[in-house]
Amino acid sequence: MDETGLSLDDFDFELPEHLIALRPAEPRGSARLICGTPPGGISFHHIRDLPDLLDGDDLLVFNNTKVIPARLRGVRAGPNQSGQVELLLLQPLNGEATIWVAMAKPLKKLTAGSKLQFGPITAEVLGRIDEQTCRVSFQWSHQGWQADLDEFGLMPLPPYIERKRSADRQDHFDYQPLLARYPGAVAAPTASLHFDEALMNALSDKKIRSCEVTLHVGAGTFLPVKEDVSKHKMHEEWGEVGAAAMEEIRLTKARHGRVVAVGTTVMRILETVYAMDPLPSNFAGPTNIFLKPGSQFHVCDGLVTNFHLPRSTLLMLVAGFAGTDFVQKLYREAVNEELRFFSYGDASLLWKQKI
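Residues numbered from 1 in each chain as written. Predicted model: local features only at pLDDT ≥ 70, side-chain atom pairs only at ≥ 80, totals over all residues. Heavy atoms only, no water.

Caption draft 1: Spotlight on unusual backbone geometry. A cis amide bond links E26 with the next residue in sequence, P27, at an omega value of -5°. Secondary-structure assignment places P27 in the segment before β1 (32–37). Cis geometry is found at the peptide bond from D277 to P278, where omega equals 5°. Structurally, P278 can be placed in the loop between α7 (264–274) and β15 (283–287). (Helix = DSSP H or I, 4+ residues; strand = E, 2+ residues; numbered from the N terminus.)

What follows is the structure in structure tokens.
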């Protein structure tokens, strides 16, 4: 499908408010799972059934990024300033992580030199970047920025959850994947949230292999497409695919196994690398790949993913992988069966459409 023929209406759907999950399923294995095999196969399971839906030659690829508690709530503390302020830290601009790009509320009341206080953490606005972001300089404690954020920051829950409840200490556990290793994400690779020790052990017992890549998920993942699809500018994220992961993928393909991306973030970084010619032995760098109907999928055979926002680039990725008509049907079935949606919701296991 040519992107010029894409309509935003193809990626829109009505979702009852009560199907937006505000907490994850407990235990994690009790989350529901819809399995989709284009052009028409749909079946209902639970996440704990995943080992029975995969084969021993299959490879699960996880995103090992770690979500940082990047939301800070405090006050404007300078002379003649008062009122609450909130920052969402997006990325550090220096090696010491003392200067960050951040989204701020209320940004219009912040100017260069504005002093901010977040508990014992002090900060100063260096200047605006655009209508949404600014540069902020921090004075962290002797413990360093990661320890300070762990103690005083909040998990950056998606806007559709924040509108219904505030983040709390439980989200420090709930919104962090089991395999989180490398800090840098400001949104969770949510498909990974379903995987606990019990499920990983069950997968291992079935000889289903796994490997890890990194993609630091940015706040742009929640941005809807507001105009013509062909004009949408994709946000950029940093990722890495190491030589060990590429060797696991090579061996899987050699034994005719299937490469299954655990989450759209894994899909994006893998398809970024495997679209390169010649194929590198490893990769580390930015990607702004926009996968959608009409895109080629070079390496991934399957995808474990949650249910995504209407008109989002994530939903377009899923439609490109499994087929727009099929995904529309699958989402209608998910709503009819009252599966839970979005970051803390239920999941799907989708197989690549045959073209």
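Additional details are given in the paragraphs that follow.
Caption draft 2: Main features of the sheet that holds strand β5 (residues 71–76). A barrel is described by the order of its strands in space; here six strands give the closed sequence β5-β6-β7-β10-β9-β8, paired in antiparallel fashion. Adjacent strand axes in the sheet meet at a mean angle of 45° when their direction is disregarded. Inspection of the sheet shows β5 paired to strand β6 (residues 84–92) by five bridges, in the antiparallel sense. By the bridge assignment for β6, R73 is matched with E86. (Pairing = 2+ DSSP bridges. Axes fitted to C-alpha atoms, helices over the stretch in contact; angles between N-to-C directions.)

Caption draft 3: How the structure looks around the packing of aromatic side chains. Applying the stated criterion across every chain, the model contains twelve aromatic pairs. For the pair F297 and F321, a centre-to-centre distance of 5.4 Å together with 75° between the ring planes defines the contact as edge-to-face. Placement of the pair is F297 in the loop between β15 and β16 (302–306) and F321 in helix α8 (residues 313–322), with a sequence separation of 24 residues. When its relative accessible area of 7% is taken as the criterion, F297 is described as buried. With centroids separated by 5.0 Å and ring planes inclined at 35°, the aromatic side chains of F307 and F341 adopt a geometry described as tilted. Of the two residues, F307 is situated in the loop between β16 and α8 and F341 in the loop between α9 (324–336) and β17 (347–351); the sequence distance between them amounts to 34 residues. Since its relative accessible area comes to 1%, F307 is described here as buried. When its relative accessible area of 0% is taken as the criterion, F341 is described as buried. One Lys or Arg, R258, reaches over the ring of W351 and ends 4.0 Å from the middle of that ring. Over the aromatic face of F290 sits the side chain of K292, whose NZ or CZ is 4.4 Å from the ring centroid. (Phe/Tyr/Trp six-rings, centres within 6.5 Å; stacked < 30°, edge-to-face > 60°. Buried < 20%, exposed > 50% of the residue type's maximum accessible area, 1.4 Å probe, protein only. Lys NZ or Arg CZ within 6 Å of the ring centre and 35° of its normal.)

Purely geometric stuff here, so don't read any function into it on its own.
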